[in-house]
Structure formats: C-alpha cells, structure tokens
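# Results of the structural survey
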Amino acid sequence: MGALGLTAALLSTGCMRPSEDRAVRDTRVGQAQADALTVEVEGGLASVRTLSSGTLELWGQAPAFTTRVAAGADARMDWLFTVHNAMPDAELTAVDEAGTPLTVEALPDAHPTMKAWRVALRPGTTARLTVAPPDWDTREPFRFAALADVQEALSKVGDIYARLNEDPSLRFIFFAGDLTEFGTREQLEEFQQRLEADSRIPLFATLGNHETFSDDAREYHRLVGRGSQHFTFRGVHFSLVDSGSSTVDPLVEEALDGWLEEARDAVHVVAMHIPPLDPIGVRGGGFAVRNEAAGLVGKMARAGVDLTLYGHIHSFYSFSNAGVPAYISGGGGAIPERFDGVGRHFLAVDVDPSTGVRDVGLVRVD
C-alpha cells in the first residue's frame, strides 16, 4: 500500500497514529505509588511489578539503571528490593539525597538474573537505588547477542538459551521484537519464566507486531516495560525503537532524535522489529510508507549510527542502510522462510567503545 492509500485507510478508521497509545504508555513505565512510597525508574528502564507491604519488585530492561524512591513519613524502614532480568553480577548501591550510603543486605540469588536485597529506607526522605554490574561504566570491548522472533516457538526457546549459555563472553541479549505469538499476559509471563529459568544472562527487548495482537496490548508495558528506550553499557549506546505497527510514532521519533544526538560521538546500536526497508523488496516486510522509511534511515546514517538490527522477517540478511551496517535476524524459532537453509539462530556481536562494531557472527542453533 502506498502513502496515499495508507492515509486514506487511516482516515476511514479515524486513526492517524496507530502506535500513539504505546508511545504514551512508554512515558509511564517505571512509575508507581503505594504503601507511603513513590517510585520512579529513571529513563523508564524497568517496570514496577510489585509495590506493597514492604516489597518493591522490578523487571529490568537495561544493564544498569537507577530508581528514585521517596519514602513518606509513614513508610516502612525495612524493604525487600527484588530485580528480575538483572545482570548476573549486578550490585546495588543505595544512597540518600545527601549521598550517604544506606544499609543494604544482599540475599542469595534464586536465579542468575534475579537479585534481591534488603534496604533500610528512612521515612520522610528520598533515596537513589542503582543496580549495575561493577564494570558497566568502563570502556572495555564486550560481546552481546542479538535475537528476535520467538513467537510460536515459546515452548522450545530453551534450546536457544542453552546455546547462548555456551558462550560465557555474552553479556546480554538485545531482542528485536515478537517475544510471543499473540502478546497475551499468559504468553508474556511464560516467556519471562522460561527466560529466568534457562538463561544465565538478561534479555532487553522492544516489542514486535505480535505483541500488538492482544485484546489488551497494555500487558507488554505492565510486564516487560517500554517499547522504546535508550541505555548505555561500557560506553556504547543502545536504542530500542517500537516499529511494531510498520511506523515510528512522532513521540518515539522525537525521543530517538535526542538519543541520536546524545550518541553522535559514541558507538551506537539501534534495534527495532520491522525494518524501515525490506532488503529483498518483494514481501512488504518494511514500513508502510516509503518516505518515512527513507527519512528514518537517512537520519540514522547522518547521526553516525554504527549498527542497525531488525527482526520480523524470519531469516538472516546482511545489508546496508545508507552506509550503516544492517542485519535482519529473525531466527528465534518463528516459522522460518522456506528453502533458505538458515533456521533458528542468533547473532553474536563484538563491539569496542573506541573503535566500533568489530564483528557480527551468525550462530546457528539447529
């Protein structure tokens, strides 16, 4: 469908921005208030799963993040702070508004990516709780995995995690959408349970078009977090962009503009589910409007993005976005393209904050 046809279709349904609701919900992720406690995760880099009865439980969406906590006069002093989907070597640093350390007791790990601490908060004060591995702000080379499109293969994704676990150098999984087949609460919870049980490293995701299929698409934001977000690790910038509706909402593009500027002089990796441009060009696997796709690709190229990663197309392709290296890796288990011989796979990406992306390797699972 061309630009005029899409515009007419949107006008006929009274909808001009198909992903606007998700963009607005992004801004609310990581915020909660209960039990005399007000919580805000900076950058929305974690979702609040539980806040009640002396318990604060988060699902992390970045290697390092900070949670601002304001304790009311009637707040409890002893809190159980739990982070799911954390880096295996993550530590907690807790300080009050004056920078004075708070008392923290680390509890035994239930899983490699599940961390828990007891924190002594002071009623009537604010605190900053920072969860991060000790090396997160160094500038050493590292390796991460890129993956997308699990969908109906949810019951056998453990095979991929087992293969990932064989490489101890991988620090996290950068996921380009379609965790589940329909994006229901039950499927998202199963995805997270299998990840926590089988993977030794966390998975930081954006959503795909299959996460928009649920009758209540809010479940992704409640359970996982933002569709679009930005974080840094060892000096490398990572941006996840919601393109699950074959477009990028203006609110998201405005945020991306800021991330591109912030990372202009640094190494920058950008991932989204549906690629702006389908490199084969016969499936309609790219954005609905070609002008938008071209504009976005040009914007990333001018900003010096070092690597773009996509899913949606269930195979492996290596190509270029206006000079920016681009990869489609849709081998998380979803029904594969026929006759291409690729099958289930993920990418192992070696990156150096000083020199850029050093290598992108295809790792076959079966």
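Everything here concerns the structure above.
Notes on the structure follow. The structure presented is a predicted model; accordingly, all values stated were derived computationally and were not measured. (Residues numbered from 1 in each chain as written. Predicted model: local features only at pLDDT ≥ 70, side-chain atom pairs only at ≥ 80, totals over all residues. Heavy atoms only, no water.)

### Observations regarding the sheet that holds strand β7 (residues 91–96)
Spatially, β1-β2-β5-β10-β7 is the arrangement adopted by the five strands of the open sheet, whose pairing is antiparallel. The open sheet has two free edges, formed respectively by β1 (31–34) and β7, since each of these has just one partner strand. Taken pair by pair, the neighbouring strands of this sheet meet at an average axis angle of 15°, ignoring direction. (Pairing = 2+ DSSP bridges. Helix = DSSP H or I, 4+ residues; strand = E, 2+ residues; numbered from the N terminus. Axes fitted to C-alpha atoms, helices over the stretch in contact; angles between N-to-C directions.)

### Comments concerning the packing of aromatic side chains
Under the criterion given, the structure shown has 19 aromatic pairs. When the ring of Phe142 is compared with that of Phe144, the centres are 6.5 Å apart and the planes differ by 40°; the resulting orientation is tilted. Taken together, a centroid distance of 6.0 Å and an interplanar angle of 75° make the contact between Phe172 and Phe231 edge-to-face. Remark: Phe231 occurs in strand β14 (residues 229–233) and Phe172 occurs in strand β12 (residues 170–176); sequence separation between them is 59 residues. Joined through ring pairs, the aromatic side chains of Phe142, Phe144, Phe172, Phe174, Phe204, Phe231, Phe233 and Phe238 make up one cluster. (Phe/Tyr/Trp six-rings, centres within 6.5 Å; stacked < 30°, edge-to-face > 60°.)

### Points about the side chain of Asp178
Along the chain, Asp178 falls in the loop between β12 and α4 (185–198). At 9.9 Å, Arg22 is the nearest oppositely charged side chain to Asp178, a buried residue that forms no salt bridge. A polar contact is formed between the side chain of Asp178 and the side chain of His273, at a distance of 3.1 Å. Apart from the residues within four sequence positions on either side, Asp178 is in contact with Asp149, Val150, Gln151, Leu207, Gly208, Asn209, His210, Glu211 and His273. (Buried < 20%, exposed > 50% of the residue type's maximum accessible area, 1.4 Å probe, protein only. Lys, Arg positive; Asp, Glu negative; His and termini not counted. Salt bridge = Lys/Arg side-chain N within 4 Å of Asp/Glu carboxyl O. Polar contact = N/O pair within 3.5 Å; in protein donor to acceptor, adjacent residues only side chain to side chain. Contact = heavy atoms within 4.5 Å.)

### Some details on the side chain of Thr180
As for its position among the elements, Thr180 is in the loop between β12 and α4. Among the polar contacts listed, one links the side chain of Thr180 to the backbone nitrogen of Gly183, at a separation of 2.8 Å. Excluding anything up to four places from it in sequence, Thr180 contacts Gln151, Gln187, Leu188, Phe191, His210 and Glu211.

### Regarding unusual backbone geometry
For Asp35, which is not glycine, the phi torsion reads 50° and is therefore positive. Tracing the backbone shows Asp35 in the loop between β1 and β2 (37–41). Judged by its relative accessible area of 34%, Asp35 is partly exposed. Backbone geometry places Gln151, a non-glycine residue, at a positive phi of 55°. Residue position: Gln151 is located in the loop between β11 (142–147) and α3 (158–165). For Gln151, a relative accessible area of 5% gives the class buried.

### With respect to the nonpolar core
Counting residues in each nonpolar core, the largest one holds 49 residues, and the members touching the most others are Leu37, Phe81, Phe144, Phe172, Phe174, Phe238 and Leu309. Ignoring anything within four residues of it in the chain, the contact list for Phe172 reads Pro63, Met87, Phe142, Phe144, Ala145, Ile201, Pro202, Phe204, Phe231, Phe233 and Phe238. (Core = buried A, V, L, I, M, F, W, Y, C linked by side-chain atoms within 4.5 Å.)

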